[in-house]
Amino acid sequence: MSNEGGRARAIEQALSRIGQPISEEEARRLEAREQCECRRGMFALAATRRQMFGGAGLVAAVGMTAMLPNAVQAKAPPGAVEYDVPDDPTKEQGRLMGVDGGYGSRSQFESEVRWYVPTKTASFTPMQSGYGIVTPSGLHYERHHAGIPNIDPAKHRLIIHGLVERAMKYSLADLKRFPTVSRTYFMECSGTTGRELMKATEPTVQRTHGLVSTSEWTGVPLSTLLKQTGLKPDAAWVLAEGADAAVMTRSVPLDKCLSDALVVFAQNGEAIRPEQGYPMRLFLPGWEGNISIKWLRRLEVSDKPFFTREETSKYTDLITKTGKARMFTFTMEAKSVITFPSGEMKLPGAGFYEITGLAWSGRGKIARVEVSLDGGKTWSLATLQDPVLPICQTRFRFPWIWEGQPAVIQSRATDDTGYSQPTHQQLIAERGPLEPAAGAQFYHMNAIQSWGIAADGSVKNVHPFG
Ligand code: CO
C-alpha cells in the first residue's frame, strides 16, 4: 500500500516536470503578440488569409498528382486512386503493395463525400451511406469560422495561465507524454437541423442532420493539465482560444474542464485531421461543437465568463416567445434520425427493408429508440446495436415489411436520464417559432424527423402535421 502510494507520488512529481513554466507576465506578452483585430469580430483580415490559403492549396494539389500512379488520377473519386479493372481478377497478378506510397486509399468505386454549403464554412457527413457508429475521419462534418489553418506541430504551443498557481506552456510532444485516454464520442454542431423547425427544408439526411459525426478521440484529460498548473481559489471559468484566423474563443465553466474535458491530438487512430484542429483541440463531450475549440493554443483561467463574440452575437438561442436569448446553452439533447430509408432514396418495391439510423445524447447513453410507421400515432421498440456508449452515436435497427402503401416513418430517442426527443410542436410551444425576419438561427433543434414514403417508393423530407 505504502509502496503504491510512493509510486503514485513519484509519478505526480515526474508529470510536474513536463513542459515549461512561464510567468504570468510572459503569458501576457505571448497573448499580446498574438492579439489581432480579428478577435474583436473583424472578418476582413480573415478573408485575406483565407485567400492566401486558397492559393497555397492549389499549388499543393498540383504537386500531389505527380505522386499518384500513372494510370489514374483525374477520374478517381476523392480519397481514391483509379486503377485498371481486369476482366477476370483471378487471371491477373494484383497490384503490389505500396504503390499508394504506404497510406491506403478507398475503393475507386466508392464516392461518398461531404456536402458543402456554398460559402464553404460548413460541411455535412453523408449519414445515408454510413455504417456502424464511427464516421470516417475524411467524412467528419466541419464548421470553420475562418478556414483551416496550416499549423506546424513543432512550433505550436498550448499556454495555460490566468488564475493558476503556475502558468505553463506545452508542446505537442509534452502533451503526448501525459497519461492519455481514448473515448468514442459524437460531436454535433448546435445549428444541426435548425432550418427544419417550421417546415421540411433540406432534401436529404446529409443536409438535414449531417452536422453530427462520431470519432474515437485520443488525448489528455484537461484535469491532468490543470492539476499541474494548480488553480487559484477564485477560478471558475476558462477561456479557450484557437490559433485560426478567427481566433475562435469560448468560455468554459471550470466544472466541465475538471470532469470529462480532453485536449485531443488523435482521431480514429491517427493524428487529428487539420480540419478537426490539428495538432490539438479541446473536446467537451456532449456539448455543442463550436465550444470544443480547434487548433487550441491558449487556456486562460478566470473568475467569470469572457462574453466573447461567439457567445454573445452568435450561439445564443433567441426565445421568440419572450424576446430574450438564452446564453451558454451547451448540452446537445437526445436526438435520432432514420438514415435508411431517407430523403431522395427510392425503394425498388414492396418487401423487406431494415430501417436503420443513429441516436445520440449529450447527457449519457441512449436507453431506447422507438420507430413509428404511421407518423407518430403508434411506436415500436427498435433494436440497439452494441456497443451503446455514453455521449456516442448508437446504431438502431428495425425490421420492416413495406406493403407498398404511403407511410411516414419516424424515430424517437430516449436517453438514460429519461428524456425523450420532442416533436416540432413541443419545441415551438416551449421556445416560440423561428422568425426569419429577426434573423434568428434556431440552435439546439432536436425534434423528431419524418420521412414520407410514397406509393412509388420515393422518400421525401416531410412535416406530417403541417
Ligand atoms: Co448553445
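The paragraphs below set out a description of the structure included in this document.

Calculation rules
- Throughout, residues of each chain are indexed from 1 in the direction in which the sequence is written.
- Given that this is a predicted model, residues contribute local features only at a pLDDT of at least 70 and side-chain atom pairs are listed and counted only at 80 or more, while totals for whole chains, interfaces and linings are drawn from all residues.
- By convention the nonpolar core is taken to be a set of buried residues drawn from Ala, Val, Leu, Ile, Met, Phe, Trp, Tyr and Cys and joined through C-beta atoms within 7 Å.
- Exposed residues have 12 or fewer other C-beta atoms within 10 Å of their own C-beta, buried residues have 20 or more, and partly exposed residues fall in between, where C-beta atoms are placed from the backbone.
- Each domain span listed reflects an automatic or database assignment of domains.
- For the purpose of contact definition, each residue receives a C-beta atom placed from its backbone, and two residues are in contact when these atoms lie within 7 Å.
- When DSSP finds two or more bridges between two strands, those strands count as paired.
- In DSSP terms, a helix is any run of H or I states spanning at least four residues, a strand is any run of E spanning at least two, and both are numbered starting from the N terminus.

On to the nonpolar core, then. Leu-158, Ile-160, Leu-262, Val-263, Val-264, Leu-282 and Leu-296 are the most contacted members of the largest nonpolar core, which has 76 residues in total. Two domains share this core, each providing at least three of its residues, namely domain 1 (2-36 + 146-321) and domain 3 (335-461). Look past the residues within four positions of Leu-282 in its chain and what remains in contact with it is Ala-240, Ala-261, Val-263, Ser-292, Ile-293 and Leu-296. Residues Tyr-315, Leu-427, Leu-434 and Ile-448 belong to the second largest nonpolar core, which totals eight residues.

Let's shift gears to the sheet that holds strand S4 (residues 142-143). The three strands are arranged S2-S3-S4 in an open sheet whose pairing can be described as antiparallel. A single partner strand is all that each edge strand has here, and the edge strands are strand S2 (115-116) and S4. Relative to S4, strand S3 (residues 122-124) runs antiparallel, the two being bridged by two bridges. Bridge pairing in S4 places Ala-122 opposite Arg-143.

A separate point is unusual backbone geometry. Here the amide bond leading from Tyr-278 into Pro-279 is cis, since omega sits at 10°, within 30 degrees of zero. Considering the arrangement of structural elements, one finds Pro-279 in the loop between strand S12 (270-271) and strand S13 (281-283). Positive phi values are uncommon outside glycine, yet Lys-120 reaches one of about 60°. Topologically, Lys-120 is positioned in the loop between S2 and S3. In the Ramachandran plot, Tyr-315 falls in the positive-phi region, its phi being about 55° despite a non-glycine side chain. Positionally, Tyr-315 belongs in the loop between helix H8 (309-312) and strand S15 (317-319).

Looking now at the sheet that holds strand S24 (residues 450-453). Read across the sheet, five strands follow the order S20-S19-S23-S24-S25 without closing on themselves; strand pairing throughout is antiparallel. With partners counted over all chains shown, the strands left at the sheet margins are strand S20 (380-381) and strand S25 (459-461), one partner each. With three bridges connecting them, S24 and S25 associate as antiparallel partners. When the sheet's bridge partners are listed, Ile-453 is paired in S25 with Val-459.

Further remarks concern the environment of Leu-211. Mapping Leu-211 onto the fold places it in the loop between helix H5 (205-209) and strand S8 (212-221). C-alpha separation for the pair Leu-211 and Thr-193, spaced 18 residues apart in sequence, amounts to 8.3 Å.

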